[in-house]
Amino acid sequence: MSQVTLIYDGSFNGFLSCIFRIYEEKIQPVAILPVGEEQQDIFSERWEITTNESYSTRVLKGIQDRLSGNGFNKIKYAFLSELPGVEMQLYKMLDYMFSTNNKVEGDYSNPHVLKIAQIAKKVGREKHRMEAFVRFRLTRDRLYFALIEPDFNVLPLIAPHFKSRYADQKWMIYDQKRKFGIYYDLDKVDFISIKLPEDIGFSGANQKYFDIAEIHFQQLWKEYFISTNIKSRANKRLHEQHVPKRYWKYLSEKSPFA
Amino acid sequence: MNFERIKEKLNILADAAKYDVSCSSSGSKRKNTSKGLGDSSGMGICHTYTQDGRCVSLLKILLTNHCIFDCAYCVTRKSNDIKRAAFKVQEVVDLTISFYRRNYIEGLFLSSGIFKDPDYTMERLIQVAKKLREEENFNGYIHLKSIPGASDELMREAGLYADRLSVNIEVPTKSGLKLLAPDKKHEDFMKPMEKVKNEIIQYKQESKLIKSTPKYAPAGQSTQMIVGATGESDRDIMYSSAFFYKKYNMKRVYYSGYVPVSNDPRLPALGSQVPMLRENRLYQTDWLMRFYGFDIRELLNENFQNLDMEIDPKLSWALRNRHLFPVDINRVEKQLLLRVPGIGLKSVNKILQARKFRKLNWEHLKKIGISMNRAKYFITCDSREKELREYSSENLKQLILKNSSGKFRKDLSPQLSLF
């Protein structure tokens, strides 16, 4: 058996294609890496895997047959974490899963299953935080716009939530870090990639782009945030535990402009 | 919108509403089916947290802080010399919608001081909710306060627009109420609760037969009690609470550590410390009662009237019931597993699933995430090394305390915080 590093295009289908090839060719992967993150390794062969829809569909079915809907979500969530090495973690769990007939998702004493559950939990938390901390700012052309920089790639996960909630307004959430966004046009949600003006900023204060009344609503919200605090119960530690500082840039209630 | 004027009202009326601790936005089933605005079918979301660490999920305001009553514990009481203000119905509607569209909130929590009479006040609250639902096609969460003494007809109407209704009992005992809120009658609190309970039961029956039956308060009702204003024991408070859960099918009972708002001799003086630790222990007890299968009489009774502040109520119970332990983590039934100190609901489920695959040992349990410092004295597992168990309960308590670093430790041992 040869030792192989697999390189794929970074998509979920691409990753599943890798899994397919691993079993088809009976190889021992040492790493599974998205294009651009490869490292020189003179001891292993390097294979570039082309995403193949019929391969990935077969693997997908194999996984879904062996897990509950919830268990499958954990695989998807963990993949979207984009953590270095997560592909190998997933492979190890899948390999364990394919090697037994049990539903392994509850086998928390297996280190691979536990690891994936833990990563999925982190991604789930980030998803929930984005659903909470996104702040829309109304633009001059009546688009509710939000800029985010999530730790993990959660845009695909939060789209359904925002679609069912804000069905009667146009909105866009743009991931500044990954350079793509989701846009709802009153009918459907699309993934889009656009070039944002440099000075658009998180705050929604720039009146070149944002509705004149927008900043007033941010001020009202900030005012509310201050008024609702009970001073004699102050608990800064708890506050920062719930609202970690790295998210403050999204929040109108923390904005220096409001 | 006159932003300056609204800002001033918002200041006054949010400040006055903040002593209501409920901010839950979960448990409703209102879906956005007509391409309107909002959806409250999922789990609740805290959109931010106040600087005292409380969840901010709803726009929580009073319609007005004018009030004809003079309840000693209340900041809005008639005799208190404070700025008064009142929102117009449309102003609350506009504010709610503008905040909701920006993803600041899950919905509205509207309460009010009582002006003119209870029915007049309740009508205004209903108007806001009705406008939101019918004119704005709003499916977000609405929590309305039931005004004590409001008529049955109005309570019926309120539930057609609101997701949750609540009336705060505030003082856990009848005698306390007489002392602090002499204008209010105990029955005035119970009447709306009873009505709401019956309407919910009726809705559940009818909706089984006729699917289009209009929803009635799908997120149920809740209430709140002030803790530490009068001399009630923890047992008094939790027995009242158990009564409300049972008698009125409450979704939640909230406990609010009393924040001094006046220099009334009947109450703790201004500047007294808010009993936050006690509040925390009461919530833990509430959880044990609702999710861990405890009967309240096991946790608090004639011989044990107040909770131990140093340790959590489950550990405290376990130390009083050493004869039930240790349990074998690989065999014990769920009911008793739930009672092991240091093992929460999520860990219980993980253990139940994981032990189907192999016998669990200390290493597994640690990785699953149970709190070993407390749990290890109450369980055995598939490991040879075992914890010695000849400690007396008191020694064991001290040992656990010594090895833990709880968030309230500084409140308990003032001598350590000198330097």
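Residues numbered from 1 in each chain as written. Chains lettered and ligands numbered in written order. Predicted model: local features only at pLDDT ≥ 70, side-chain atom pairs only at ≥ 80, totals over all residues.

All names here are of chain A. Spanning 13 residues, helix α1 (residues 12-24) covers 18 Å between terminal C-alpha atoms, matching the ideal 18 Å at 1.5 Å per step. Every buried residue of α1 is listed here: G14, F15, L16, S17, C18, I19, F20, R21 and I22. On its buried face, α1 is in contact with β1 (3-8), β2 (28-34), α2 (53-66), α3 (69-80) and α4 (86-98). (Helix = DSSP H or I, 4+ residues; strand = E, 2+ residues; numbered from the N terminus. Expected span 1.5 Å × (residues − 1). Buried ≥ 20, exposed ≤ 12 C-beta atoms within 10 Å, placed from the backbone. Contact = placed C-beta atoms within 7 Å.)

A few words now on the sheet that holds strand β4 (residues 107-111) of chain B. Residues and elements named next belong to chain B. Read from one edge to the other, the open sheet built from 6 strands follows the order β3-β4-β5-β6-β7-β8, with strand pairing classed as parallel. Looking along the sheet, the strands with just one partner apiece sit at the ends: β3 (58-62) and β8 (252-257). Along the sheet, successive strands turn relative to each other by an average axial angle of 20 degrees, direction set aside. Summarising the sheet, β4 and strand β5 (residues 141-145) pair through 4 bridges and their orientation is parallel. Within β5, the position partnered with G107 by the bridge is Y141. (Pairing = 2+ DSSP bridges. Axes fitted to C-alpha atoms, helices over the stretch in contact; angles between N-to-C directions.)

This part covers the pairing of strand β6 (residues 171-175) of chain A. Residues and elements named next belong to chain A. Counted residue by residue, β6 has 4 buried out of 5 residues, so it is predominantly covered. Here strand β5 (residues 144-148) pairs with β6 via 5 bridges, running parallel. Along β6, the bridge assignment pairs Y144 with W171. One crossover worth recording links β5 to the parallel β6 by way of helix α6 (residues 155-165), and it is right-handed. Sheet analysis places β6 next to strand β7 (residues 180-184), joined by 5 bridges and oriented antiparallel. Counterpart to D175 in the pairing with β7 is F180. Turn length for the β6-β7 hairpin, with the two strands adjacent in sequence and antiparallel, is 4 residues, and the turn residue K179 shows positive phi of about 60 degrees. (Right-handed = clockwise from strand over helix to strand, strands pointing away.)

With that settled, consider the domain arrangement of chain A. All names here are of chain A. When the domains of chain A are assigned, the result is domain 1 (3-126) and domain 2 (134-254). In this structure, domain 1 and domain 2 have C-alpha centres spaced 32 Å apart. In this assembly, 5 residues from domain 1 lie in contact with 7 residues from domain 2. Looking at the side of domain 1 that touches domain 2, its residues break down into 2 nonpolar, 1 polar and 2 charged. (Domains from an automatic or database assignment. Nonpolar A, V, L, I, M, F, W, Y, C, P; charged D, E, K, R; others polar.)

All names here are of chain B. Segmenting chain B into domains produces domain 1 (3-294) and domain 2 (313-414). The C-alpha-based centres of domain 1 and domain 2 are spaced at 37 Å. Residue-level contacts link 8 residues of domain 1 with 8 residues of domain 2. Tallied by class, residues from the side of domain 1 that touches domain 2 come to 4 nonpolar, 3 polar and 1 charged.

With that settled, the discussion passes to the sheet that holds strand β8 (residues 189-192) of chain A. Residue and element names in this part refer to chain A. A sheet is described by the order of its strands in space; here 5 strands give the open sequence β4-β5-β6-β7-β8, paired in mixed fashion. Across the chains shown, the open sheet's two edge strands, defined by having one partner strand only, are β4 (137-138) and β8. The sheet contact formed by β4 and β5 spans 2 bridges and is antiparallel. Paired with L138 across the two strands is Y144, which belongs to β5.

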